[in-house]
Amino acid sequence: MRSIRVRMVFLGLALTAGLASPTTATAAGTAPSPTVEEQRLDKAVPREILRRSGFDDVAPRLAHELGAAGSYAEARRIVVRAGCALWRRAVDRVQGRGPAGGDLSRDDDRPLYWARLGMTREVRTWEPEFGLSDRQRAQLLDVLERTSRGQTQVRYPDGRGLKRILVTGFDPFTLDRDIRISNPSGATALALDGTVIRTADGPARVETVVFPVRWQDFTEGTVERTLRPYLRKVDLFTTVSQGRVGRFDVERTNGAWRGGFPDNDNVGRTETVPVSDPAAQPQWTTTTLPYQAIVAADTGRFPVYDHTEVTEIPAGGTTEVVRPDGPTPGSTARAGGGGNYLSNEIAYRATLLRDRLGLHDTLPGGHVHTPVLQFGGGNTTEITDAEFVRNRLDIVAQVRAIITVAADATFRK
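Since the model is a prediction, treat every value here as computed from it, not as a measurement.

### Description of the sheet that holds strand 11 (residues 310-313)
- The strand order 12-11-13 describes an open sheet built from 3 strands, whose pairing is antiparallel. Because the sheet does not close on itself, it has two edges, and the strands there are strand 12 (321-323) and strand 13 (332-335). Sheet twist, expressed as the average angle between the axes of neighbouring strands with direction ignored, equals 40 degrees.

### Focus: the nonpolar core
- Ranked by internal contacts, the top residues of the largest apolar core, which has 45 residues, are L66, W114, V123 and L140.
- Residue contributions to this core peak at 12 residues, all from helix 5 (residues 72-94).
- In terms of nonpolar packing, the next biggest core, distinct from the first, is built from 26 residues, L236, F302, V368 and F411 among them.

### Quick word on the packing of aromatic side chains
- Applying the stated criterion across every chain, the model contains 9 aromatic pairs.
- With centroids separated by 6.1 Å and ring planes inclined at 10 degrees, the aromatic side chains of F170 and F218 adopt a geometry described as stacked. In this pair, F170 sits in strand 1 (residues 163-170) while F218 sits in helix 9 (residues 215-219), placing the two residues 48 residues apart along the sequence. Of the two residues examined, F170 and F218, each falls in the buried class.
- Both rings, one in F261 and one in Y341, keep their centres 5.1 Å apart while their planes meet at 85 degrees; by these two values the pair is edge-to-face. Placement of F261 in the loop between strand 7 (257-259) and strand 8 (270-272) and of Y341 in the loop between strand 13 and helix 12 (342-356) is noted, with a sequence separation of 80 residues between them.
- Residue F261 is classed as partly exposed on the basis of its relative accessible area, which comes to 36%.
- Residue classification places Y341 among the buried residues on the basis of a relative accessible area of 12%.
- The structure contains a cluster of three or more aromatic residues connected by ring pairs, namely F173, W215, F261 and Y341.

### Here's the deal with the pattern of salt bridges
- For the coordinates displayed, the defined rule picks out 35 salt bridges.
- Note that R390 is salt-bridged to D394, the shortest N-O span being 3.4 Å. Residue R390 and its partner D394 are both found in helix 13 (residues 386-411); the two are separated by 4 residues, about one turn of the helix.
- The class for R390 is partly exposed, based on a relative accessible area of 43%.
- The exposure class of D394 is partly exposed, given its relative accessible area of 24%.
- Here the salt bridges do not stand alone but share partners, grouping E37, R116, E145, R149, D171, R214 and D217 into one network.

### Quick word on the environment of T380
- For T380, the position within the fold is in the loop between strand 14 (365-370) and helix 13.
- Along the sequence, T380 and A73 sit 307 residues apart, while their C-alpha atoms lie 46 Å from each other.

### Here's the deal with the packing of helix 5 against helix 7 (residues 134-148)
- For the pair helix 5 and helix 7, the least separation of the axes is 7 Å and the interaxial angle reads 20 degrees. By the angle class used here, helix 5 and helix 7 are roughly parallel. Between helix 5 and helix 7 the crossing geometry is right-handed. Here Y72, A75, R76, V79, V80, G83, C84, L86 and W87 of helix 5 come into contact with helix 7, specifically with Q136, Q139, L140, V143, L144, T147 and S148.
- Of the residues belonging to the contact of helix 5 with helix 7, the class tally is 10 nonpolar, 5 polar and 1 charged.

### Description of the environment of P262
- Tracing the chain through its elements places P262 in the loop between strand 7 and strand 8.
- Distance from P262 to D201, taken between C-alpha atoms, is 43 Å for residues 61 residues apart in sequence.
- P262 has contacts with W215, V267, G268 and Y341, leaving out every residue within four places of it along the chain.

### Observations concerning unusual backbone geometry
- Positive phi is not limited to glycine here, since T174 has a value of about 55 degrees.
- Mapped onto the fold, T174 is located in the loop between strand 1 and helix 8 (184-192).
- Its relative accessible area of 17% is what places T174 among the buried residues.
- Phi at N266 takes a positive value of approximately 60 degrees, unusual for a residue other than glycine.

### Examining the sheet that holds strand 2 (residues 196-199)
- Pairing is mixed across the open sheet formed by 7 strands, whose spatial order is 2-3-1-4-14-5-10. Looking at the sheet topology across the chains shown, the edges are occupied by strand 2 and strand 10 (304-307). Neighbour-to-neighbour, the strand axes of this sheet turn through a mean angle of 30 degrees, independent of strand direction.
- With 6 bridges joining them, strand 4 (residues 236-242) and strand 14 adopt parallel strand pairing. Bridge assignment links S241 to a residue of strand 14, and that residue is H369.
- Sitting on the sheet, helix 12 is in contact with strand 1, strand 3 (202-211), strand 4 and strand 14, with an inclination near 170 degrees to strand 4.
- Running over the sheet, helix 13 touches strand 1, strand 2, strand 3, strand 4, strand 5 (248-251), strand 10 and strand 14 and is turned about 45 degrees from strand 2.

What counts and how
Residues numbered from 1 in each chain as written. Predicted model: local features only at pLDDT ≥ 70, side-chain atom pairs only at ≥ 80, totals over all residues. Heavy atoms only, no water. Pairing = 2+ DSSP bridges. Helix = DSSP H or I, 4+ residues; strand = E, 2+ residues; numbered from the N terminus. Axes fitted to C-alpha atoms, helices over the stretch in contact; angles between N-to-C directions. Core = buried A, V, L, I, M, F, W, Y, C linked by side-chain atoms within 4.5 Å. Buried < 20%, exposed > 50% of the residue type's maximum accessible area, 1.4 Å probe, protein only. Phe/Tyr/Trp six-rings, centres within 6.5 Å; stacked < 30°, edge-to-face > 60°. Salt bridge = Lys/Arg side-chain N within 4 Å of Asp/Glu carboxyl O. Parallel < 35°, antiparallel > 145°, perpendicular 65-115°, else oblique. Left-handed = near helix turned anticlockwise from the far one by under 90°. Contact = heavy atoms within 4.5 Å. Nonpolar A, V, L, I, M, F, W, Y, C, P; charged D, E, K, R; others polar.

So this is what it looks like as structure tokens:
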């Protein structure tokens, strides 16, 4: 995903100025234990992925630099620099810049995921001599998450004639089922970040970010905080996640319901999607992507569907009903087209934000589900194989083609 961007000085200054450290620390807290997600780092597969990509030096380097920090302010500068460097390094590796660092294929999103967890574990368990309050540790972890996910590095060049597209991806998930898992939406984000696609109305710059698979982060507003500064500036956006086997889906409708499936910390939530101003919260939001044009186009080897099915409780009813053609008036959401996990939730939150900003009729945006990324037949232990790589490359290429079709259908109007 992308062209080289020179951002580090600007970003370091912005984060230092905009996210200044407290002048006085509260009482130093005890360093917490690693999270469930971080504890998986000790397994053989993550270690192999990091070693075979060269990203096994990321967490040790951060630990060394933090060990020399003499203050919270210095630690923050170290974390900002390290987080930005990790995102840039992952993007460069996928896009073919610099050494590969190992024999793992460049298109792989997993080195970024596991290296980031190594970094967050170092920060979470770090106990500096100068003392670190719980609030300060939380701020360090927050800025590390944001910078290493590209969330603070979205930059569109000035000038007329260049369209702007924003794309989001996700971390790998269901890792207790198969810890080898890669997420093609995350791979797509790395492959497309900073790249330019040619559309019917001229060039379009693509910027991308990646989100965690954790309910709590979404509850705390990570989607809105990341996307709000850009939605008024872009010409098209799409959230992307891994969906069903062997097919792409353009999700027509998104529902305001969490179905409880465990996240990467093995936490489940079953509730209405929590948002600001819940009294004005709709049960459903809809895509404004040009889904008819996308479905009709030849974008790659996987079929693409206009997916309209939802699950609802009809107005006045108490029982869930599956509706193949979308929700009925006054119904309560139980699953959008993208289900009731975080794929549906990011689509719901992004399109709700679009609507609350008054952009429903002017900004094309919605959610695309990719096929499940599958290993080659019979591979139950190896972290990669030729079919696995081919599938991921084909999915990423088809997402790029889908975005191009969406841009053509939108910008030529």
